Amino acid sequence: MFNLILFGPPGSGKGTQSEKLIAKFGLRHLSTGDILRSEIRNGTALGLEAKSLMDQGQLVPDAVVIGMIRSALEHNPEARGFLFDGFPRTNAQADTLDALLAEKKTAINIVLALQVSKSELVKRLLNRGLTSGRTDDVNEAIIGSRIEEYERKTAAVADHYKKVNKVVYIPGEGSVEEIFRKLCDEIEEKLKSKK
Ligand code: B4P
């Protein structure tokens, strides 16, 4: 199996690049943001709980997202690998992910961390908010809270994987194609060294 984490602040291009990477490498895409938004659309109890937090730019509780990922891993026994997008976002989520993958006799192979300046993040998210209908993209205050949550709780997840030498930083500003090529180069390099 080949398992990859696409890491970075909100608006850094995780969702955008994930779509292209899963098509190229045949990985199963697990985006906790997408799963949560689908729960909200379906009006489930979990969706209702998540919506009020997401609308304020806050993280959803660890237990909720960990449950979602555990279930997604169980429902995809045939996957040749996973692309984790927007997960893990706390050290507790990272510890659990490592344990869940160890149960499946696999592990994270690489963490690709997109680096984008704060002003560019705000610009992209406000721009997406004009058309996406996403309530967490509508104003600068909510976007600011999301970036603060990232700095407070999520940035440290990179240190967790740095300790085991798995993090590669990728400049996340430039054209989508340019960034995609850099991500592909790193993945291909890693796949070669696995053989
Ligand atoms: P996510 O769905 O993960 O949303 P995100 O971080 O905003 O998206 P992403 O980074 O993928 O967006 P992208 O840059 O592709 O999370 C939403 C919320 O869900 C969180 O705030 C939290 O409340 C909750 N949540 C999710 N996972 C959780 C977890 N594990 N634990 C707890 N809570 C969790 O796109 C942004 C824009 O940039 C787009 O418009 C795109 O077109 C544009 N863009 C992308 N690349 C570009 C480029 N190179 N140049 C110019 N624009 C670009």
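Everything numeric here is computed off the predicted structure, so don't read it as measured data.

What counts, and where the lines are drawn
- Within any chain, residue numbers begin from 1 and follow the written order of that chain's sequence.
- In keeping with the model being predicted, local features are shown solely for residues with a pLDDT of at least 70 and side-chain atom pairs are shown and tallied solely at 80 or more, while totals for entire chains, interfaces and linings include all residues.
- Only hydrogens and water are removed before side-chain values are computed, so all heavy atoms of the structure are retained for them.
- Exposure classes here rest on a 1.4 Å probe applied to the protein chains alone. A residue is buried below 20% of its type maximum, exposed above 50%, and partly exposed in between.
- Secondary structure is summarised from DSSP: a helix means a run of H or I of at least four residues, a strand means a run of E of at least two, and numbering begins at the N terminus for each.
- Pairing between strands is defined by DSSP: at least two bridges between them are needed.
- Only the contacting stretch of a helix is used when fitting its axis, a line to C-alpha atoms as for every element, and angles between N-to-C directions run 0 to 180 degrees.
- Angle categories are assigned with fixed cut-offs, so that under 35 degrees is roughly parallel, over 145 is roughly antiparallel, 65 to 115 is roughly perpendicular, and the rest are oblique.
- We call two residues in contact whenever any of their non-hydrogen atoms come within 4.5 Å of each other.
- For this classification, Asp, Glu, Lys and Arg are treated as charged, while Ala, Val, Leu, Ile, Met, Phe, Trp, Tyr, Cys and Pro are nonpolar and the rest, including Gly, are polar.
- In the sections that follow, a salt bridge refers to a side-chain nitrogen of Lys or Arg positioned within 4 Å of a carboxyl oxygen of Asp or Glu.
- When the centres of two rings from Phe, Tyr and Trp lie within 6.5 Å, Trp using its six-membered ring, the rings pair. Their planes under 30 degrees apart give stacked, over 60 give edge-to-face, and anything left gives tilted.
- As defined here, a cavity is a set of points on a 1 Å grid over the protein atoms alone where a 1.4 Å probe fits but cannot get out. A pocket is an open set with protein on both sides within 12 Å along at least five of seven lines, and residues line them when an atom is within 4 Å of a point.
- Grid points are joined across faces, edges and corners, and a volume is the space filled by probe spheres set on the points.
- If even one non-hydrogen atom of a residue comes within 4 Å of a molecule or strand, that residue is called near it.
- By the criterion applied in these results, polar contacts are pairs of N or O atoms within 3.5 Å in which, for protein atoms, one can donate a hydrogen and the other can accept it, and in which residues neighboring in sequence qualify only through two side-chain atoms.
- Being in a pocket or cavity means that more than half of the molecule's atoms lie within 2 Å of its grid points.

Caption draft 1: Representation of the pairing of strand E1 (residues 4-7) within the structure. Neither face of E1 is exposed, since Leu-4 and Leu-6 on one face and Ile-5 and Phe-7 on the opposite face are all buried. Sheet topology places E1 next to strand E4 (residues 110-115); four bridges connect them, and they run parallel. Looking across to E4, one finds that Leu-6 is bridged to Leu-112.

Caption draft 2: Up close: the packing of helix H2 (residues 32-41) against helix H4 (residues 62-74). Contact geometry for H2 and H4: axes closest at 11 Å, N-to-C directions at 100 degrees. By the angle between their axes, H2 is roughly perpendicular relative to H4. Contact residues: Thr-32, Ile-35 and Leu-36 in H2; Val-65, Met-68 and Ile-69 in H4. Of the residues that constitute the contact of H2 with H4, the class distribution is five nonpolar, one polar and no charged.

Caption draft 3: Highlighting the pattern of salt bridges. Applying the stated criterion across every chain, the model contains 15 salt bridges. Across the salt bridge formed by Asp-34 and Arg-37, the nearest N and O atoms sit 2.9 Å from each other. Of this pair, Asp-34 and Arg-37 both sit in helix H2, three residues apart, which is roughly one turn of the helix. Given a relative accessible area of 21%, Arg-37 falls into the partly exposed group. In this structure, the salt-bridge partner of Asp-137 is Arg-134, at a minimum N-O distance of 3.8 Å. A relative accessible area of 17% places Arg-134 in the buried class. Residues joined in a network through salt bridges with shared partners are Arg-128, Arg-134, Asp-136, Asp-137 and Arg-146.

Caption draft 4: Spotlight on the packing of aromatic side chains. The final tally for this structure, using the stated rule, is three aromatic pairs. Ring geometry for Phe-7 against Tyr-150: centres 6.0 Å apart, planes inclined by 45 degrees, an arrangement best described as tilted. Remark: Tyr-150 occurs in helix H7 (residues 140-154) and Phe-7 occurs in strand E1; sequence separation between them is 143 residues. Here the two residues Phe-7 and Tyr-150 agree in accessibility, since each one is buried.

Caption draft 5: Quick peek at the layout of surface pockets. Each pocket or cavity is described by its volume, and for the largest pocket that value is around 910 Å³. Lining the largest pocket are 46 residues, and of these Pro-10, Lys-14, Arg-89, Arg-134 and Arg-146 lie nearest its centre. In terms of residue class, the lining of the largest pocket is built from 16 nonpolar, 18 polar and twelve charged.

Caption draft 6: Seen up close, the site of the ligand. Neighbouring residues of the ligand: 30 residues in total, closest Gly-13, Gly-15, Thr-32, Gln-58 and Arg-146. One of the backbone nitrogen or oxygen atoms of Val-60 is found 3.1 Å away from a nitrogen atom of the ligand. Separating a nitrogen atom of the ligand from a side-chain N or O atom of Gln-93 is a distance of 2.9 Å. Put simply, the ligand lies in the largest pocket. Those elements giving two or more residues to the shell around the ligand turn out to be helix H1 (14-25), H2, helix H6 (118-132) and helix H9 (176-194). At four residues, H2 tops the list of elements feeding residues into the shell around the ligand. Its residues assigned to classes, the shell around the ligand shows eleven nonpolar, eleven polar and eight charged.

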